[in-house]
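# Descriptive analysis of the structure
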Amino acid sequence: ARRAAPGTAVAAAAERRAVRMRCADERAGEPSCTRRQVLDSAAAAALLATVAAGRAEDARAAAEQSWVRVDLPSGENVTVFDVAFVPTNLKKGWLVGTRGTVMETSNGGVTWEPRAFQNLDADDEINYRFQQISFYQDEGWVIGKPTIMLHTKDGGKSWERVQLSPKLPGDPVLVTALGPNSAEMTTTAGAVYTTDNGGRNWKAQVKETIDATLNRTVSSGVSGASYFTGSIISVLRDRTGSYLAVSSRGNFFLTWSPGQEFWIPHGRDTARRIQAMGFVDDDLSHGLWMSTRGGGLAFSDPSADLLSAEALEFKKVDIRSGGYGILDVAFRPNTKEIWATVGGGSLWVSRDAGKSWSRDSSIGKAGGIIYKVKFFDKDTAFALGANGILLRFNPTASTV
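Parameters at a glance
- Within each chain, residues carry numbers counting from 1 in the order of the written sequence.
- Only residues with pLDDT of 70 or above have their local features reported here, since the model is predicted, and side-chain atom pairs are shown and tallied only from 80 upward, although totals for entire chains, interfaces and linings are computed over all residues.
- Hydrogens and water are ignored here; the side-chain numbers use all heavy atoms of the structure.
- Numbering of helices and strands runs from the N terminus, with a helix taken as a DSSP run of H or I at least four residues long and a strand as a DSSP run of E at least two residues long.
- Residue exposure (1.4 Å probe, protein chains only): buried if accessible area is under 20% of the type maximum, exposed if over 50%, otherwise partly exposed.
- Contact between two residues is taken to exist if any of their heavy atoms lie within 4.5 Å; hydrogens are not considered.
- For the accessible areas, the method is Shrake-Rupley and the probe is 1.4 Å, while residue cover comes only from the protein chains on display.
- Between any two strands, pairing holds if DSSP finds at least two bridges.
- All axes are obtained by fitting lines to C-alpha atoms, using only the stretch in contact for helices, and the reported angles, taken between N-to-C directions, cover 0 to 180 degrees.
- Here a Phe, Tyr or Trp ring, Trp counted by its six-membered ring, pairs with any other such ring whose centre lies within 6.5 Å, and the pair is stacked when the planes are under 30 degrees apart, edge-to-face when over 60, and tilted otherwise.
- Only when the NZ of Lys or the CZ of Arg is both within 6 Å of the ring centre and within 35 degrees of the ring normal is a charge said to sit over the ring.
- Definition of a polar contact: a pair of N or O atoms within 3.5 Å, with one able to donate and the other able to accept a hydrogen when the atoms are protein atoms, and with sequence-neighbouring residues admitted only if both atoms are side-chain atoms.
- pLDDT expresses, on a scale from 0 to 100, how confident the predictor is about each individual residue.
- Counted as salt bridges are all cases of a side-chain nitrogen of Lys or Arg within 4 Å of a carboxyl oxygen of Asp or Glu.
- Directions pointing from the helix axis toward each C-beta atom define the arc.

### Structural notes on the overall build of the protein
Within the protein one finds four helices and 28 strands. When the 400 residues of the protein are sorted by exposure, 46% land in the buried category. Long-range contacts, defined as pairs at least 24 residues apart, comprise 46% of the intrachain contacts of the protein with a sequence gap of at least 6. Per element, the accessible surface of the protein, about 19,900 Å² overall, is 49% carbon and sulfur.

### A few points about the sheet that holds strand 1 (residues 67-69)
What holds strands together in a sheet is hydrogen bonding between their backbones, with the strands either parallel or antiparallel. Strand order in the open sheet formed by four strands is 1-28-27-26, and the pairing between neighbours is antiparallel. If you trace the sheet from one side to the other, it starts and ends with strand 1 and strand 26 (370-377), each paired once. Taking the axes of each pair of neighbouring strands and ignoring which way they run, one obtains an average angle of 25° across the sheet.

### Here's the deal with the environment of Asp-318
Examined against the element boundaries, Asp-318 turns out to sit in the loop between strand 21 (314-317) and strand 22 (326-331). Take Asp-318: its relative accessible area is 42%, and that puts it in the partly exposed class. In the structure, Asp-318 is positioned 23 residues away from Gly-295 in sequence and 9.8 Å away in space, judged by C-alpha atoms.

### Structural notes on the side chain of Thr-98
Mapping Thr-98 onto the fold places it in the loop between strand 3 (89-97) and strand 4 (102-105). Residues contacting Thr-98, with those up to four places away along its chain left out, are Asn-77, Val-78, Thr-79, Phe-81, Tyr-128 and Arg-129.

### As for the pairing of strand 11 (residues 182-187)
Most of strand 11 is tucked away: six of the six residues are buried. Across the two faces of strand 11 the burial is the same, with Ser-182, Glu-184 and Thr-186 and Ala-183, Met-185 and Thr-187 all buried. Bridge count between strand 10 (residues 172-179) and strand 11: six bridges; the pairing is antiparallel. Pairing of Val-175 across the sheet is with Met-185, part of strand 11. What sits between strand 10 and strand 11 in their antiparallel hairpin is a turn of two residues, with Asn-181 showing a positive phi close to 60°. When strand 11 meets strand 12 (residues 192-195), the two strands line up antiparallel, connected through four bridges. Bridging from a neighbouring strand, Ala-183 pairs with Thr-195 of strand 12. Adjacent in sequence and paired antiparallel, strand 11 and strand 12 are bridged by four residues, among which Gly-190 carries a positive phi angle near 85°.

### Concerning the sheet that holds strand 25 (residues 358-359)
Spatial strand order, 22-23-24-25: four strands in an open sheet with antiparallel pairing. Across the chains shown, the open sheet's two edge strands, defined by having one partner strand only, are strand 22 and strand 25.

### Structural notes on the packing of aromatic side chains
For the structure shown, the criterion picks out 20 aromatic pairs. Judged by centre distance (5.9 Å) and plane angle (45°), the rings of Tyr-243 and Trp-256 are tilted. Of this pair, Tyr-243 sits in strand 15 (residues 243-247) while Trp-256 sits in strand 16 (residues 252-256), and the two are 13 residues apart along the sequence. Grouped by ring-pair contacts, the aromatic residues Trp-94, Phe-117, Tyr-128, Phe-130, Phe-135 and Trp-159 constitute a single cluster. Positioned above the aromatic ring of Phe-262, the side-chain terminus of Arg-216 is 4.6 Å from the ring centre.

### Things to note about the side chain of Ser-300
Residue placement: Ser-300 occurs in strand 20 (residues 296-300). The exposure class assigned to Ser-300 is buried, which follows from its relative accessible area of 9%. A distance of 2.8 Å separates the side chain of Ser-300 from the backbone nitrogen of Leu-288, its partner in a polar contact. Those residues within four positions of Ser-300 in sequence are excluded, and the remaining contacts are Gly-287, Leu-288, Glu-313 and Phe-314.

### Notes on the pairing of strand 18 (residues 274-279)
For strand 18, the buried fraction is high: five of the six residues fall into the buried class. Both strand 18 and strand 19 (residues 288-292) contribute to a ladder of five bridges, which runs antiparallel. Residue pairing across strands places Phe-279 opposite Leu-288, the latter belonging to strand 19.

### Section: the confidence of the model for the protein
On average, residues of the protein score 84 in pLDDT, and 80% of them are at 70 or above. pLDDT under 50 marks residues 1-8. Its contacts with residues more than four places away, or in other chains, come to eleven contacts. A low-confidence stretch, residues 51-59 (pLDDT under 50), is modelled with nine contacts involving residues beyond four sequence positions or located in other chains.

### With respect to the pattern of salt bridges
Enumeration over the complete set of coordinates arrives at twelve salt bridges. The partner of Lys-372 in a salt bridge is Asp-82, with the nearest N and O atoms 3.8 Å apart. Of this pair, Lys-372 sits in strand 26 while Asp-82 is found in strand 2 (residues 80-86), placing the two residues 290 residues apart along the sequence. For Lys-372, a relative accessible area of 23% translates into the label partly exposed. Note that Arg-332 and Glu-337 form a salt bridge whose closest N and O atoms lie 3.3 Å from each other. With respect to class, Arg-332 is no different from Glu-337; both count as buried. Through salt bridges with shared partners, a single ionic network connects Arg-332, Glu-337, Arg-351 and Asp-379.

### Looking at helix 4 (residues 210-218)
Every buried residue of helix 4 is listed here: Ile-210, Thr-213, Leu-214 and Thr-217. Down the axis, helix 4 shows its buried residues gathered within 95° of arc, on one side only.

Written out as structure tokens, the structure is:
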């Protein structure tokens, strides 16, 4: 049985006193309370205490969870692909996902309201998979499939569709808001473009696509060059504008930084194939993390030579995920805390910069795969997953 919280016990006692007073008043004139009335009132008081105790216990349990489930209006019918907040106002944010899903929050992600893009027909909008969203103050950009790009200048009150050239190498996979009418777009072919006029014109930042770089490398005659073959499955950007791309075969990756003419391919230093990769502290200069098939996780040396095509050395960490693959790793800003999403719908945490890891048991079974964690500052973060999963970070339950 649940133990009543002190406040609930006081409420129940007050209810019993009220019953006795009513009966005393009735004895002064009208017939007094019957035994049944007294018993019924006592039962009601006990029920009140039980319900209040349950609510207090639920509130305590929620306060102890590092991640709190957010109930979305769309339920479990969608997959949330991305979430973004206005950097100068972390109360205001947007999320996008499958089935034309777009939602807005004005309270830091506690609750979300469905929205729609005015220039898209409702019947057509449900066919889009909005994959990524980015904001700079009131300037926002969205990309999705089938290929679409949308732009807002007024914080999402109105959106306009940006026309893209059919000759664009690859499909848009990333867009980053940089300022008024300015953004950076990256495609699945590794082409990087910038615009300063709201998307009317785009300027190439890389001389050749990833495919062209790989073909040139393979035909160079350099020993081991044939290793760099295959397509790209993911492209990531860090906060400084550097990029990371991972081969679909899991046998190599590429990096590019502003000012470089070409992508630079790098071999892996392990026999296991790459599962996923990312930036340490969202900054290429701080190093890279790499997860491999079978649940392996390793970090590169921040001083590694990224201008060389030689394999980078990665130092393994002991996460013991039970063989489940690690899908994403996120670093809590200005702390030693690191979070990892692990196949099977679980989250793991390290509070000593990756030296030791433990499974976060506070969220229980998430009900689906959690594939991404995004921190916007030390205390604002969200975990995204399938089946409508959206978890909001609870900083008061996380001890650094």
